[in-house]
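Coordinate inspection notes
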Amino acid sequence: MVDVIEILESPSPPASPAAKRTRVPTAAAEAGGAGPVAAPRTYLAGLQAIAACIDDASSTRSAFPRALDVVRARVDEGSVLTAATGEVDFFTSFGNFDKKWGCGYRNVQMLLSALLHAEPALVLFGGAARVDDGGTVCVPSIKTLQQWLEFAWGGGFDVAGAAQVGAVVGTDEWVGATEAVALLRHQGLKARVVDFEWKGGPRRQRQMGDALVEFAKRHFGEVPVSPETRQTALPLLLQWEGHSVSVVGVARSRGGDESLLVLDPALAGAYLTSRMKRPSTSFTAAAYQFAYLDVAGGVLVGDAEREEGKVVSSELVLVWRD
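Residues numbered from 1 in each chain as written. Predicted model: local features only at pLDDT ≥ 70, side-chain atom pairs only at ≥ 80, totals over all residues. Heavy atoms only, no water.

When its secondary structure is counted, the chain shows ten helices and twelve strands. For the chain, with 322 residues in total, the buried portion stands at 53%. (Helix = DSSP H or I, 4+ residues; strand = E, 2+ residues; numbered from the N terminus. Buried < 20%, exposed > 50% of the residue type's maximum accessible area, 1.4 Å probe, protein only.)

Here you go:
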């Protein structure tokens, strides 16, 4: 049996696209402040892949949070050094309409789900990203994210990127870390991007992977620590040429080799769990980007910082071979 779920179609952009901390009932959003909202449409989960972590014959949103609990359980055993806090829902392109191009959007959906689990009062994307009255985390569909990305570009966010990519609504144009940051900053969120570039000669050994792992360890924080003192740490979006994944932790083997723990939106089921660990030696591309939400001091920004964030610049890390 195929699950049937409801997803809000994209609303028109509100007058102020920044997030609000007060829950906005759907009826109120439809009536006024957030602009007109189309009636919810029903989609087949098998086609749209919302809540599509295929663990067996079913398609549910709850399958992956249990997997993340397994990851955390191994922290005390020493195999997992650190991991994202809270929960995250997994979204996949595997076997779905976006299987060759939707990884960037799926990673944004995962990041938004983690944010809403941590900050359930947030309402984003005109109400398409929210926690409903029943406690269910709702995230925008790919079509909705495409529309809001064009709203962001039209509002002056990442003008250079907009000129390079062009229109995305209704297309199979893939997006990466820079577009994700523009999309999130448009919502008033503190989103950042970091570039890693190889400058160590023609042979890329393990230095690039080591640099990515070190950044992830700093992002997620040292463990074990008590839940009362540990800071919120959301997943990282990791992009390289042709693909992107969500990084949710760092593991270390008995021999001391370290790996990134990733959720790959191109995979599902046993393929997903068997490829969660990506050794540092496997990252041999010449360039990578991390996009992430900076929650230190609050994930929302003021009007001045939001305006400054229209130009998407990055921190640059140059990686060399000793």
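From this point, the narrative continues.
Looking now at a nonpolar patch on the surface. A grouping of Leu 316, Leu 318 and Trp 320 is seen on the molecular surface, where their side chains present a nonpolar patch of about 330 Å² in accessible area. Looking at the secondary structure, you find Leu 316 in strand β12 (residues 315–319). What makes Leu 316 partly exposed here is its relative accessible area of 47%. (Patch = residues over 30% accessible without salt bridge, like charges linked within 9 Å, V, L, I, M, F, W, Y side chains within 5 Å. Areas by Shrake-Rupley, 256 points an atom, 1.4 Å probe, with all protein chains shown as cover. Salt bridge = Lys/Arg side-chain N within 4 Å of Asp/Glu carboxyl O.)

Any two aromatic rings considered together are summarised by their centre-to-centre distance and by the angle between their planes. Taken as a whole and assessed by the stated rule, the structure comprises ten aromatic pairs. When the ring of Trp 101 is compared with that of Tyr 105, the centres are 6.2 Å apart and the planes differ by 85 degrees; the resulting orientation is edge-to-face. Note on accessibility: Trp 101 and Tyr 105 belong to one class, buried. Taken together, a centroid distance of 5.9 Å and an interplanar angle of 65 degrees make the contact between Phe 215 and Tyr 292 edge-to-face. Remark: Tyr 292 occurs in strand β11 (residues 287–293) and Phe 215 occurs in helix α8 (residues 207–220); sequence separation between them is 77 residues. (Phe/Tyr/Trp six-rings, centres within 6.5 Å; stacked < 30°, edge-to-face > 60°.)

The subject of this paragraph is the nonpolar core. With 55 residues, the main nonpolar core has Tyr 105, Leu 112, Leu 115, Phe 125, Leu 263 and Leu 293 as its most contacted residues. Among the elements that line this core, the one with the most residues is helix α4 (residues 103–118), at eight residues. Dropping the residues within four chain positions of it, Tyr 105 is found in contact with Ile 142, Leu 145, Gln 146, Leu 149, Val 168, Glu 173 and Val 175. Counting 26 residues, the second-largest nonpolar core is a separate cluster that includes Met 208, Val 213, Ala 216 and Leu 260. (Core = buried A, V, L, I, M, F, W, Y, C linked by side-chain atoms within 4.5 Å. Contact = heavy atoms within 4.5 Å.)

Before going further, it helps to spend a moment on the pattern of salt bridges. In the structure shown here, the tally under the stated rule is eight salt bridges. Where Asp 294 meets Arg 192, a salt bridge forms, and the shortest distance between an N and an O atom there is 3.0 Å. Here Asp 294 is found in the loop between β11 and α10 (303–308), whereas its partner Arg 192 is found in strand β6 (residues 191–198), with 102 residues between them in sequence. You can call Asp 294 buried: its relative accessible area is 18%.

Turning to helix α5 (residues 142–154), a few remarks are in order. Its 13 residues give α5 an end-to-end C-alpha distance of 18 Å, which sits within 8% of 18 Å, the value for a rise of 1.5 Å per residue. Restricting attention to buried positions, one finds in α5 the residues Ile 142, Thr 144, Leu 145, Gln 146, Gln 147, Trp 148, Leu 149, Ala 152 and Trp 153. (Expected span 1.5 Å × (residues − 1).)

For the rest of this paragraph, the subject is unusual backbone geometry. The phi torsion at Phe 125 lies on the positive side, around 50 degrees, for a residue other than glycine. As for its position among the elements, Phe 125 is in the loop between α4 and β4 (130–131). Here the phi dihedral of Asp 158 falls at roughly 50 degrees; this positive angle occurs in a residue that is not glycine. Inspection of the secondary structure assignment puts Asp 158 in the loop between α5 and α6 (159–165). Using a relative accessible area of 8% as the deciding quantity, one classes Asp 158 as buried.

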